[in-house]
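In case you want the letters, here they are:
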Amino acid sequence: MQLYTKILIGLVAGAVAGAVANATGIEPLQNLFGALEPLGTAFINLITMIVIPLVVASLLVGTASLGDLRKLGRIGGKTLIYYMSTTAAAVTIGLGLSNLIKPGSGVSEATRDELAARYGGAAAERVDLAANAPGWVDTLLGIIPRNPVQAAAEMDLLPLIFFTICFGAAITVIEPKRREAVLTFFHGINDASMVLINWIMELAPYAVFVLIAAVVANFGFDLLQSLLVYTLVVVLGLMLHAFGTYALILRFLARLNPLKFYRKIAAVPLFAFSTSSSNATLPLTIETAEEEVGVSNEVASFVLPLGATINMDGTALYQAVAVMFIAQIYGIDLSLADQLIVVLTATLASVGAAGVPSAGIITLIIVLNSVGMGQHVQAGIALILGVDRILDMIRTSVNVTGDLTCSAFIARTEGESLLLDGPAEPAAAAAD
Ligand code: ASP
């Protein structure tokens, strides 16, 4: 059985079990799923523990085997442009749908007050977290780590990527005998990480069951009703981006059959859905890109860790809808200029969001502030917090799908032939 089928079974079974507990209101059952959740967390820890060794080893080997540093610069440039443009496209979809459907216009004042009362405290916590976040200059400075070991310890991927690339570049110019020794060592670490991922993935269906059952069993479905239009607009936007924008990119830029691609990578978004974390999904994302899609290690090891950190199309799209929703509820008319600011800040805010659960709602505060909605931040966050978990699951799936799509595109522009190439469609050479 394919991995994605196994994960899907775990997911559906978990959703059904959780829904039964939720609908029947049998407390011991709800408590049981709540009590089992740490097992799911244990699994997430298990897979996350591979992130650092895998990223360092595979990126070091990848960078060093590129041989030519100009190639790295080229791949880096293309990747950044790709990531920024697709994120801006995602935000535009979110804004377009919100203007069209106006999800905030149907929410009554009573619902608004009820949500504010129910989630006001939790929203205040998020606002505090955002207040402690570093500014833009510090964020940019933070890309250069003073201590790469500390960056690794804190799972701060961007500085770690920066350090590893510098180190990998240096390895290409040292004495061949020494270079081989270092590369052989890190090759071994890379291979061992891959083996470990496969072992851990054996547990994935059970972990997914536990994680999903816990979420569904304790989910406030009554909330979904009052926030239904908002939720649907976010989901619709995410689907349009995942199956529209990405399909077009896959078809016309990566010259791949989108349906085949989706089938091959399905385990990754399903896993992201269950964990709500791009970082925890990263080992599987890298493995899938290399083993299922056939992206080279040089491309995957660079594009994917970077993507897990800075490319969050789903998050940015969600932020765009959320800002419009909150504005509509408070009767604030966001002009075209304001919405252009949202495109810019939501794109940047999603870069700043870490690949962990709920990160997007914290950086949403930056977007709200950017269009002068500072005084509605706390109440606005309270409005949407109740359905955030479920939206986080879906947007994280889109985030990782975006990373994988980019890896296929970049591989293609580098002239790589991919495993999905059918006999009728020979791998053509690079487009550039
Ligand atoms: N959970 C998301 C991710 O890991 C980030 C977010 O939107 O909260 O990609």
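Residues numbered from 1 in each chain as written. Predicted model: local features only at pLDDT ≥ 70, side-chain atom pairs only at ≥ 80, totals over all residues. Heavy atoms only, no water.

Q: Help me out: how do you make sense of the overall build of the chain in this one?
A: If you tally the helices and strands in the chain, you get 21 helices and zero strands. Its C-alpha atoms give the chain a radius of gyration of 22 Å, within 12% of the compact-globule value 22 Å for 432 residues. Based on the C-alpha atoms only, the size of the chain along its principal axes is roughly 70 × 50 × 50 Å. Per-residue burial over the chain gives 54% buried out of 432 residues. (Helix = DSSP H or I, 4+ residues; strand = E, 2+ residues; numbered from the N terminus. Rg over C-alpha atoms; globule rule 2.2 N^0.38 Å. Buried < 20%, exposed > 50% of the residue type's maximum accessible area, 1.4 Å probe, protein only.)

Q: For this particular structure, what's the right way to read the pattern of salt bridges?
A: Close approach of charged atoms allows side chains of opposite charge to pair. For the structure on display, the rule yields seven salt bridges. Residues glutamate 114 and arginine 118 are paired through a salt bridge, measuring 3.6 Å at the closest nitrogen-oxygen approach. With glutamate 114 and arginine 118 both in helix α5 (residues 109-131) and four residues apart, this pair spans about one turn of that helix. You can call glutamate 114 partly exposed: its relative accessible area is 46%. Between glutamate 292 and lysine 264 there is a salt bridge; the shortest N-O distance is 3.6 Å. (Salt bridge = Lys/Arg side-chain N within 4 Å of Asp/Glu carboxyl O.)

Q: Got a minute to help me understand the nonpolar core in this structure?
A: A general feature of soluble globular proteins is that nonpolar side chains tend to end up buried together. Counting residues in each nonpolar core, the largest one holds 124 residues, and the members touching the most others are Tyr230, Phe261, Val323, Val342, Leu364, Ile381 and Ile384. Among the elements that line this core, the one with the most residues is helix α17 (residues 313-329), at 12 residues. Residues within four places of valine 323 in sequence aside, it is in contact with Leu334, Val342, Leu364, Val367, Leu368, Val371 and Met373. Grouped together as the second largest cluster of nonpolar side chains are seven residues, Leu60, Ala64, Ile171 and Leu183 included. (Core = buried A, V, L, I, M, F, W, Y, C linked by side-chain atoms within 4.5 Å. Contact = heavy atoms within 4.5 Å.)

Q: It is not clear to me how unusual backbone geometry should be interpreted in this structure. Could you clarify?
A: Comment: phi is negative for the bulk of residues other than glycine, and the bulk of peptide bonds are trans. Although it is not a glycine, serine 276 sits at a positive phi angle of roughly 55°. Relative to the helices and strands, serine 276 is located in the loop between α14 (267-275) and α15 (278-293). In this structure serine 276 comes out as buried when scored by relative accessible area, which is 1%. If you check the backbone angles, serine 358 has positive phi at about 65° while not being a glycine.

Q: How do you make sense of empty space enclosed by the protein when you look at a structure like this?
A: Regions of empty space are outlined by a rolling probe, equal in size to a water molecule, passed over the atoms. Following the criterion strictly, the structure yields one cavity of 30 Å³ or more and no others. What the largest cavity holds in volume is close to 60 Å³. Counting only elements with at least two residues in the lining of the largest cavity, the list comes to α19 (359-370) and α21 (388-413). By residue number, the principal contributor to the lining of the largest cavity is α21, which donates four residues. In the lining of the largest cavity, the residues fall into five nonpolar, seven polar and two charged. (1 Å grid on protein atoms, 1.4 Å probe; cavity = no way out; pocket = protein on both sides within 12 Å on 5 of 7 lines; lining within 4 Å. Points joined across faces, edges and corners; volume = space filled by probe spheres on them. Nonpolar A, V, L, I, M, F, W, Y, C, P; charged D, E, K, R; others polar.)

Q: Just checking my understanding: could you explain a nonpolar patch on the surface for this structure?
A: Taken together, the side chains of Leu100, Ile101, Leu228, Val229, Leu232, Leu236 and Leu240 make up a nonpolar region of the molecular surface, amounting to roughly 630 Å² of accessible area. Counting only elements with at least two residues in the nonpolar patch, the list comes to α4 (69-101) and α12 (228-253). Tallying contributions element by element places α12 first for the nonpolar patch, with five residues. Within the secondary structure layout, leucine 232 lies in helix α12. (Patch = residues over 30% accessible without salt bridge, like charges linked within 9 Å, V, L, I, M, F, W, Y side chains within 5 Å. Areas by Shrake-Rupley, 256 points an atom, 1.4 Å probe, with all protein chains shown as cover.)

Q: Please explain helix α18 (residues 336-352) as it appears in this structure.
A: Side chains of residues three or four places apart in an α-helix project in the same direction, reflecting 3.6 residues per turn. End to end, α18 covers 24 Å across 17 residues, agreeing with the expected 24 Å (1.5 Å per residue, within 8%). If you check which residues of α18 are buried, you get Gln339, Val342, Val343, Thr345, Ala346, Thr347, Ala349 and Ser350. On its buried face, α18 sits against α4, α6 (136-141), α16 (297-310), α17 and α19. (Expected span 1.5 Å × (residues − 1).)

Q: What am I meant to see in the packing of aromatic side chains here?
A: Tallied over the entire structure, the rule returns nine aromatic pairs. Here tyrosine 82 and tyrosine 83 contribute two aromatic rings whose centre-to-centre distance is 6.0 Å and whose plane-to-plane angle is 70°, an arrangement assigned as edge-to-face. The same class applies to tyrosine 82 and to tyrosine 83, which are both buried. Ring geometry for phenylalanine 243 versus tyrosine 262: centroids 5.2 Å apart, planes at 75°, classification edge-to-face. Of this pair, phenylalanine 243 sits in helix α12 while tyrosine 262 sits in helix α13 (residues 258-265), placing them 19 residues apart in sequence. Chaining the aromatic ring pairs together yields one cluster made of Tyr82, Tyr83 and Phe409. For the cation-ring pair, arginine 395 lies above tyrosine 318, with the distance from its terminal atom to the ring centre recorded as 4.0 Å. (Phe/Tyr/Trp six-rings, centres within 6.5 Å; stacked < 30°, edge-to-face > 60°. Lys NZ or Arg CZ within 6 Å of the ring centre and 35° of its normal.)

Q: Just checking my understanding: could you explain the site of the ligand for this structure?
A: Around the ligand lies a shell of 16 residues, among which Ser278, Thr315, Gly360, Asp392 and Arg395 are the nearest. Within the side chain of arginine 395, a nitrogen or oxygen atom sits 2.6 Å from an oxygen atom of the ligand. Within the side chain of asparagine 399, a nitrogen or oxygen atom sits 2.9 Å from an oxygen atom of the ligand. When the ligand is considered free in solution it has 270 Å² of accessible area, and contact with the protein chains removes 100% of it. When atom positions are compared with the pocket grids, the ligand is found to occupy the largest cavity. (Near = heavy atom within 4 Å. Polar contact = N/O pair within 3.5 Å; in protein donor to acceptor, adjacent residues only side chain to side chain. Sits in = over half its atoms within 2 Å of the grid points.)

Q: Quick question: what am I supposed to make of the packing of α14 against α21 here?
A: How two helices sit against one another is set out by the angle between their axes and by the gap between those axes. At a closest axis distance of 7 Å, the pairing of α14 and α21 adopts a crossing angle of 150°. It follows from the interaxial angle that α14 and α21 lie roughly antiparallel. The two elements α14 and α21 cross, and the hand of that crossing is right-handed. Listed contacts from α21 to Val268, Pro269, Ala272, Phe273 and Ser274 of α14 are Arg389, Met393, Ile394, Thr396, Ser397, Val400, Thr401 and Leu404. The class makeup of the residues in the contact of α14 with α21 is eight nonpolar, four polar and one charged. (Axes fitted to C-alpha atoms, helices over the stretch in contact; angles between N-to-C directions. Parallel < 35°, antiparallel > 145°, perpendicular 65-115°, else oblique. Left-handed = near helix turned anticlockwise from the far one by under 90°.)

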